[in-house]
Structure formats: C-alpha cells, structure tokens
Amino acid sequence: MRSAPFLLAILLIAAPAWGQESPAPPAAAPAPSGPRVVIATAMGDITLALDPARAPATVKNFLRYAKEGHYTGTVVYRVVPGFLIQAGSWDAQGHGRPGHKGIALESDNGLANVRGAVAMAHGDDPLSTMAEFFIDLADNPSLDRHPGDPPNSGFTVFGRVVAGMDVVDAIAKVPLGDNGPMKGQAPVEPIAITKVTILPAPAP
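Report on the accompanying structure. (Residues numbered from 1 in each chain as written. Predicted model: local features only at pLDDT ≥ 70, side-chain atom pairs only at ≥ 80, totals over all residues. Heavy atoms only, no water.)

Below, the discussion takes up the overall build of the chain. On a plain count of helices and strands, the chain comes out with two helices and ten strands. For the chain, the succession of helices and strands along the chain, N to C, is β-β-α-β-β-β-β-β-α-β-β-β. Looking at the 204 residues of the chain, the share that counts as buried comes to 50%. Partitioning the contacts of the chain with sequence separation of at least 6, the portion at a separation of at least 24 is 72%. Surface exposure of the chain reaches about 9,500 Å², of which carbon and sulfur atoms provide 58%. (Helix = DSSP H or I, 4+ residues; strand = E, 2+ residues; numbered from the N terminus. Buried < 20%, exposed > 50% of the residue type's maximum accessible area, 1.4 Å probe, protein only. Contact = heavy atoms within 4.5 Å. Areas by Shrake-Rupley, 256 points an atom, 1.4 Å probe, with all protein chains shown as cover.)

Its twelve residues place the ends of helix H1 (residues 56-67) 16 Å apart at the C-alpha level, agreeing with the 16 Å of an ideal helix rising 1.5 Å per residue. The complete set of buried residues in H1 reads Thr-58, Val-59, Asn-61, Phe-62, Leu-63, Tyr-65 and Ala-66. Its buried side turned inward, H1 meets strand S1 (36-41), strand S2 (44-50), strand S5 (117-120), strand S6 (133-136), strand S7 (157-163) and strand S10 (192-198). (Expected span 1.5 Å × (residues − 1).)

Now for the pattern of salt bridges. Evaluation of the coordinates by the stated rule reveals three salt bridges. Taking the shortest distance from any N to any O, the salt bridge between Asp-108 and Arg-145 comes out at 3.8 Å. One end of the pair, Asp-108, is in the loop between strand S4 (84-87) and S5; the other, Arg-145, is in the loop between S6 and S7, with 37 residues separating them in the sequence. A residue is classified by how much of its surface remains accessible, and Arg-145, at 26% relative accessible area, is partly exposed. One salt bridge connects Asp-169 with Arg-115, and the closest N-O pair in it is separated by 2.7 Å. Here Arg-115 lies in the loop between S4 and S5 and Asp-169 lies in helix H2 (residues 165-171), a separation of 54 residues in the sequence. (Salt bridge = Lys/Arg side-chain N within 4 Å of Asp/Glu carboxyl O.)

With that settled, the discussion passes to the sheet that holds S4. Read around the closed barrel, the eight strands follow the order S1-S2-S7-S5-S6-S4-S3-S10; overall the barrel is antiparallel. Averaged over all pairs of adjacent strands, the angle between strand axes in this sheet comes to 35°, irrespective of strand direction. In terms of strand pairing, strand S3 (residues 74-80) meets S10 through two bridges, oriented antiparallel. Counterpart to Thr-74 in the pairing with S10 is Ile-193. (Pairing = 2+ DSSP bridges. Axes fitted to C-alpha atoms, helices over the stretch in contact; angles between N-to-C directions.)

Written out as structure tokens, the structure reads:
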C-alpha cells in the first residue's frame, strides 16, 4: 500500500480561473444502472449510482475501498464553492490514510464532469488514481478529457449523485479554513464521513 504522504500528489485539481469560458458540457445522461452506494456524512446522506459499464476499473477500485472501511472516519477535506467537494483519505486531525497501488485513468469513457457527477482525483502520473474522489457542484468541462489530450489528462467520472444533492450543496456553503491538506478549503467544523455503504442489488 502507498504511504499517506503520497496522497498529496492527487490533489491537483485546479479551480477554473474567474471569468474563464469553457465549452458547454454534454447533457447529463440517465442515472447508471450499476451499484448504489450511500455516503453517510455528518450533514446527511449522499447516494451515488455507479457506472461499471463505462468505468469498470474505477468502480471496482472505489468499491474495494468502501468494503474495506477505508472511508469510515475520514472527512470532506476540500470545498471549493461553485466547483467541487472532495474526500477520500484524510481525517479531522489532518492525517492521511495509506492507499493501494494506483489504477489507470478511464477519463476517456464518454462521461462528463457535470453537476452531480462523482469522479476520482489523481496527480500527474496516469497511475495515481487511488481513494480520493470528488463531486462536481457545477458543470466542469475543464475536468474532462478531450480529443488530442495526453493520456494523463481528465478526471474519471464513474457515477453520479441520485439522492442527497441538497446535502452536497449544504456542504458547499460551510465556513472554510486551513485545517486540511489544501489551505483555505477545509471546512472549519469537520464534516465526517461516518460510513460508506454498498446497497443490495435490487431484485430482478
């Protein structure tokens, strides 16, 4: 497993410049029919529908961390209003948890970083995707991989919020401070993730 300091490398999602224009993203697709996961936070539950058909390795990776209890006791450590919220491996004391070997990007899967999409964070290394994930607060086409982009570009969307977007929006409004890996972007009052639960598959 990789050591916690390595996790700093996967926080390289830059907020768009003020007033920067981006191309319009594609319309949001219907909710994926794959596994559903509930992220229980101190501010309420967020339910995700995952898309193993479009992002098989990424979904498998996320579910592995969920099954291992990796996310239990971590916090939403990064909030950028109008852009995204991010979580994965940091606790309220600012300690990072080790993760497994990184997986390859699947950012060319046709899914877009639109409002409510959930995607994985990564660094410059195409194999640096580990446990960090984020939820888009708005349509963020600058985070997508576009034709002609290098292989380490874009962020892999692997599902979307299907319930609890009001919780996500509430998290985006909390006061922010420096108690986290990214200064000025950590909630002043820690927002704990108490559990990530994989819901049973519906009966056929």
